[in-house]
Amino acid sequence: NASVAESEESSQLLSPGSSVIVYVVQKSRKSRKVLVTLKRRSVLGTPFDQVVADGQTPYSGRVVAELTSGWLVDFGCETPGILPSALWQRALSEGDSDMEAEARALPTVGDSLVVYVLSKSRG
């Protein structure tokens, strides 16, 4: 058995050939990959076109996955955002006054964050 997904309440173990219900989080026509989750959203995400990418509008989010280049953040949009590790490191090196001391540690899956959208791209 392999641990496939962890929720705040418990982890679920699956074995090869198990049947599960999944929910599509994101799909990429370019890479032909689909990101899925075992947990259904309690509310529909904000449509992509309604997300404000001004770097000023705050969105509450939760880290849902660690990537090689950063973190995948669910911030209530119909598609998750990517928080590049380079931006995190730059904020630390510039001594961003908005970052509290306890928030300076690298994010981990499940952490809550306030994020600001800098740009949008349909992939």
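You'll find the structure just up there.
The following refers to the structure shown. (Residues numbered from 1 in each chain as written. Predicted model: local features only at pLDDT ≥ 70, side-chain atom pairs only at ≥ 80, totals over all residues. Heavy atoms only, no water.)

1. With respect to the side chain of Thr 79
Moving on, step 1. Topologically, Thr 79 is positioned in the loop between strand 6 (70-74) and strand 7 (81-84).
Moving on, step 2. Every residue in contact with Thr 79, bar those within four places of it in the chain, is listed here: Val 25, Gln 26 and Phe 48. (Helix = DSSP H or I, 4+ residues; strand = E, 2+ residues; numbered from the N terminus. Contact = heavy atoms within 4.5 Å.)

2. Focus: the nonpolar core
Moving on, step 1. One finds Val 51, Tyr 59, Val 73, Phe 75, Leu 83, Leu 113 and Val 115 to be the most contacted residues of the largest nonpolar core, which totals 13 residues.
Moving on, step 2. Those elements giving two or more residues to this core turn out to be strand 5 (58-67), strand 6 and strand 8 (112-116).
Moving on, step 3. With residues near it in sequence (within four places) discarded, Leu 113 still touches Tyr 59, Ser 60, Gly 61, Val 63, Val 73, Leu 83, Trp 88 and Pro 107. (Core = buried A, V, L, I, M, F, W, Y, C linked by side-chain atoms within 4.5 Å. Buried < 20%, exposed > 50% of the residue type's maximum accessible area, 1.4 Å probe, protein only.)

3. A word on the environment of Lys 120
Moving on, step 1. As for its placement among the helices and strands, Lys 120 is situated in the segment after strand 8.
Moving on, step 2. Lys 120 sits 71 residues away from Asp 49 along the chain, and the two C-alpha atoms are 9.1 Å apart.
Moving on, step 3. Residues contacting Lys 120, with those up to four places away along its chain left out, are Phe 48, Asp 49, Val 51 and Ala 53.
Moving on, step 4. Within the local environment of Lys 120, its side chain forms a polar contact with the backbone oxygen of Phe 48, the two atoms lying 3.1 Å apart.
Moving on, step 5. Within the structure, the side chain of Lys 120 is placed 2.9 Å from the backbone oxygen of Val 51, a separation counted as a polar contact. (Polar contact = N/O pair within 3.5 Å; in protein donor to acceptor, adjacent residues only side chain to side chain.)

4. Section: the sheet that holds strand 7
Moving on, step 1. Ordered by their spatial adjacency, four strands build an open sheet running 7-6-5-8, and the pairing between neighbours is antiparallel. Of all the strands in the sheet, just strand 7 and strand 8 have a single pairing partner and so form its edges. Shown here is a sheet whose adjacent strand axes are inclined to one another by a mean of 50°, direction ignored.
Moving on, step 2. By the bridge criterion, five bridges tie strand 5 to strand 8 in an arrangement that is antiparallel. The residue bridging Tyr 59 from the neighbouring strand is Val 115, located in strand 8.
Moving on, step 3. Of the strands in this sheet, strand 6, strand 7 and strand 8 touch helix 1 (residues 85-93), which is tilted by about 50° from strand 7. (Pairing = 2+ DSSP bridges. Axes fitted to C-alpha atoms, helices over the stretch in contact; angles between N-to-C directions.)

5. Quick notes on a nonpolar patch on the surface
Moving on, step 1. Together, Val 20, Val 22, Val 24, Val 34 and Val 36 line one region of the surface with nonpolar side chains, adding up to about 390 Å² of accessible area.
Moving on, step 2. Tracing the sequence through the fold places Val 20 in the loop between strand 2 (11-14) and strand 3 (23-28).
Moving on, step 3. With a relative accessible area of 41%, Val 20 lands in the partly exposed category. (Patch = residues over 30% accessible without salt bridge, like charges linked within 9 Å, V, L, I, M, F, W, Y side chains within 5 Å. Areas by Shrake-Rupley, 256 points an atom, 1.4 Å probe, with all protein chains shown as cover. Salt bridge = Lys/Arg side-chain N within 4 Å of Asp/Glu carboxyl O.)

6. What to know about the pairing of strand 3
Moving on, step 1. Relative to strand 4 (residues 33-37), strand 3 runs antiparallel, the two being bridged by five bridges. Residue pairing across strands places Lys 27 opposite Val 34, the latter belonging to strand 4.

7. Side note on the packing of aromatic side chains
Moving on, step 1. Overall, the coordinates contain two aromatic pairs when judged by the stated rule.
Moving on, step 2. Relative to Phe 75, the ring of Tyr 59 lies with its centre 5.3 Å away and its plane at 70°, an arrangement referred to as edge-to-face. Of this pair, Tyr 59 sits in strand 5 while Phe 75 sits in the loop between strand 6 and strand 7; the two residues are 16 residues apart in sequence, bridging distant segments of the chain. Phe 75 carries the same exposure label as Tyr 59, and that label is buried. (Phe/Tyr/Trp six-rings, centres within 6.5 Å; stacked < 30°, edge-to-face > 60°.)

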